[in-house]
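Chain by chain, the residues:
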Amino acid sequence: MRVSIGTGGRVAVIGAGAAGLCSAKNLRDFGSSFKVVVFEQDSNVGGTWSYSEKPGSYSVMYKSLRTNIPKEVMAFPGFPFADELPSFPGHSDVQNYLESYMTKMDLRSMIRFNVDVEKVWTDEGGRS
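Remember, it's a predicted structure, so these values are computed and weren't measured experimentally. (Residues numbered from 1 in each chain as written. Predicted model: local features only at pLDDT ≥ 70, side-chain atom pairs only at ≥ 80, totals over all residues. Heavy atoms only, no water.)

Considerations on a nonpolar patch on the surface
- Among the surface-exposed residues, Ile-14, Val-117 and Val-120 lie close enough to one another that they form a single nonpolar patch of about 260 Å² accessible area.
- Turning to its location among the elements, Val-117 is positioned in the segment after strand E3 (111–112).
- For Val-117, a relative accessible area of 37% gives the class partly exposed. (Patch = residues over 30% accessible without salt bridge, like charges linked within 9 Å, V, L, I, M, F, W, Y side chains within 5 Å. Areas by Shrake-Rupley, 256 points an atom, 1.4 Å probe, with all protein chains shown as cover. Salt bridge = Lys/Arg side-chain N within 4 Å of Asp/Glu carboxyl O. Helix = DSSP H or I, 4+ residues; strand = E, 2+ residues; numbered from the N terminus. Buried < 20%, exposed > 50% of the residue type's maximum accessible area, 1.4 Å probe, protein only.)

Quick look at the sheet that holds strand E1 (residues 10–14)
- Strands sit in the order E1-E2-E3 across an open sheet of 3 strands; the sheet is parallel. The two strands at the open ends of the sheet, each matched to only one other strand, are E1 and E3. (Pairing = 2+ DSSP bridges.)

A word on the environment of Asp-83
- With respect to the helices and strands, the residue Asp-83 is situated in the loop between helix H2 (71–74) and helix H3 (91–104).
- Each C-alpha atom of the pair Asp-83 and Glu-72 lies 9.7 Å from the other, and the pair is 11 residues apart in sequence.

A look at the packing of aromatic side chains
- Under the definition given, this model contains 5 aromatic pairs.
- Consider the rings of Phe-81 and Tyr-97, whose centres lie 3.8 Å apart with planes at 10 degrees: the pair is stacked. Pair noted here: Phe-81 is in the loop between H2 and H3 and Tyr-97 is in helix H3, with a separation of 16 residues, a long-range link. Accessibility classification places Phe-81 together with Tyr-97 in one group, the buried group. (Phe/Tyr/Trp six-rings, centres within 6.5 Å; stacked < 30°, edge-to-face > 60°.)

So, the confidence of the model for the protein
- The predicted model of the protein has a mean per-residue pLDDT of 85, with 82% of residues at 70 or higher.
- The secondary-structure element of the protein with the lowest mean pLDDT is E1, recorded at 89, while E3 shows the highest, at 97. (pLDDT = per-residue confidence, 0-100.)

Observations regarding the nonpolar core
- With 24 residues, the main nonpolar core has Leu-21, Val-36, Leu-98, Tyr-101, Leu-107 and Ile-111 as its most contacted residues.
- Looking at this core, the elements with two or more residues in it are E1, helix H1 (18–29), strand E2 (35–39) and H3.
- Considering every element that reaches this core, the biggest residue donor is H3, with 5 residues.
- If sequence neighbours within four positions are ignored, Leu-98 has contacts with Ala-18, Leu-21, Val-45, Gly-46, Trp-49 and Phe-76. (Core = buried A, V, L, I, M, F, W, Y, C linked by side-chain atoms within 4.5 Å. Contact = heavy atoms within 4.5 Å.)

Section: the pattern of salt bridges
- For the coordinates displayed, the defined rule picks out 2 salt bridges.
- Lys-25 is the salt-bridge partner of Asp-29, the closest N and O atoms lying 2.7 Å from each other. Of this pair, Asp-29 and Lys-25 both sit in helix H1, separated by 4 residues, roughly a single helical turn.
- Of the charged contacts in the structure, one is a salt bridge between Arg-28 and Asp-29, with a shortest N-O distance of 3.0 Å.
- A residue is classified by how much of its surface remains accessible, and Asp-29, at 42% relative accessible area, is partly exposed.
- Through salt bridges with shared partners, one network takes in Lys-25, Arg-28 and Asp-29.

So, unusual backbone geometry
- Despite not being glycine, Asp-106 shows a phi value in the positive range, around 55 degrees.
- Topologically, Asp-106 is positioned in the loop between H3 and E3.
- Positive phi is not limited to glycine here, since Asn-114 has a value of about 60 degrees.
- Secondary-structure assignment places Asn-114 in the segment after E3.
- What makes Asn-114 exposed here is its relative accessible area of 56%.

Dropping the structure here:
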């Protein structure tokens, strides 16, 4: 199904976790003339999967966390997890997967790290 989303303008993707990376890639690959920028509050991609014990980090997970769905289901189309990983990989495996996806899909230049989004508004033309 093809959906017309217009041309020109800017698209802000908030967060460079799994959904943000996938959104950025697909918006770019859609062939639109949008400028896509991903705003990430942390210093790395990963979102929920970015584990840190540092005080003040945005990490919401614990050290022994594993996925609750198999890697075969959660992999992005055309980009499988490594065969040698268990079906339910740990958080560091998912983090590595997301970093590899960012690199392989050439998304790093679209991401602005260490940025807190506090407000989103529309411009005079009615676009956000």
